[in-house]
Amino acid sequence: EDNETTLLAQTIYAMAGDEDYDTQLAIGSVIMNRLQSEGFPDTLEDVISQQMLPRSRDFDDKALSAARECLSGTRTLCALHEARGQRRMLELGRFF
């Protein structure tokens, strides 16, 4: 994999762990939307560093797939997921 894909997959995995694919895709979408916003740095590495986002040395196939999809242009505005038995909404549009 290229460096950007690996970096994004590591960050998604560090932030989402074993959450479902939609949640991983949502996290990747937030990061990529920041990258495309004028208010954030111009490189993926700089966005991740500036925001002090966690990064794992490892990642799984699900995080890698989410990273590839986000880098190819897929975005999601929100993801619904289970967290400690309660439903929560991640409103990703707030980050733009």
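Residue numbers here run from 1 along each chain, matching the order of that chain's written sequence. Predicted model: local features are reported for residues with pLDDT of at least 70 only, side-chain atom pairs are reported and counted for 80 or more only, and whole-chain, interface and lining totals are derived from all residues. Here the side-chain values reflect all heavy atoms present in the structure, with hydrogen atoms and water set aside.

Enquirer: Looking at this structure, I do not really get the confidence of the model for the protein. What am I missing?
Expert: Reading fine detail from the predicted coordinates is not recommended where pLDDT is low. Scored from 0 to 100, pLDDT records how confident the predictor is in each individual residue. Predicted confidence across the protein gives a mean pLDDT of 81, with 79% of residues reaching 70 or more. Starting at the N terminus, helices and strands are each numbered in turn, a helix being any DSSP run of H or I of at least four residues and a strand any DSSP run of E of at least two. By mean pLDDT, strand β2 (residues 86-91) is the weakest element of the protein at 43, and helix α4 (residues 61-71) is the strongest at 96. What makes two residues a contact is simply this: any of their non-hydrogen atoms within 4.5 Å. In the predicted structure, residues 79-96 sits below a pLDDT of 50 and forms 35 contacts with residues beyond four places in sequence or in another chain.

Enquirer: What's the story with unusual backbone geometry in this structure? I'm lost.
Expert: With the exception of glycine, most residues fall at negative phi, and the peptide bonds are largely trans. For Met52, which is not a glycine, the phi torsion comes out positive at approximately 50°. With respect to the helices, strands and loops of the structure, Met52 is situated in the loop between α3 (44-50) and α4.

Enquirer: For this particular structure, what's the right way to read helix α1 (residues 3-16)?
Expert: Owing to its 3.6 residues per turn, the α-helix brings residues three or four apart onto one side. The span one expects for a helix is its residue count, reduced by one, times 1.5 Å. Taking 1.5 Å per residue, 14 residues should reach 20 Å; α1 reaches 20 Å between its end C-alpha atoms and fits that length. Think of it in three bands: residues with accessible area under 20% of the maximum for their type are buried, residues over 50% are exposed, and the middle band is partly exposed, with areas taken using a 1.4 Å probe on protein chains only. All of the buried residues in α1 are Thr5, Leu7, Leu8, Ala9, Gln10, Thr11, Ile12 and Ala16. Buried positions along α1 lie against α2 (21-36), α3 and α4. Looking one or two places after α1, you find Gly17, whose phi comes out positive at around 55°.

Enquirer: Honestly, α4 in this entry has me stumped. Any pointers?
Expert: Within the sequence span of α4, burial applies to Ala63, Leu64, Ala66, Ala67 and Cys70. For α4, the angular spread of the buried residues around the axis is 160°, confining them to a single face. On its buried side, α4 packs onto α1 and α2. Of the residues flanking the end of α4, it is Gly73, one or two places downstream, whose phi is positive at about 115°. By arc we mean the arc of the directions from the helix axis to the C-beta atoms, nothing more.

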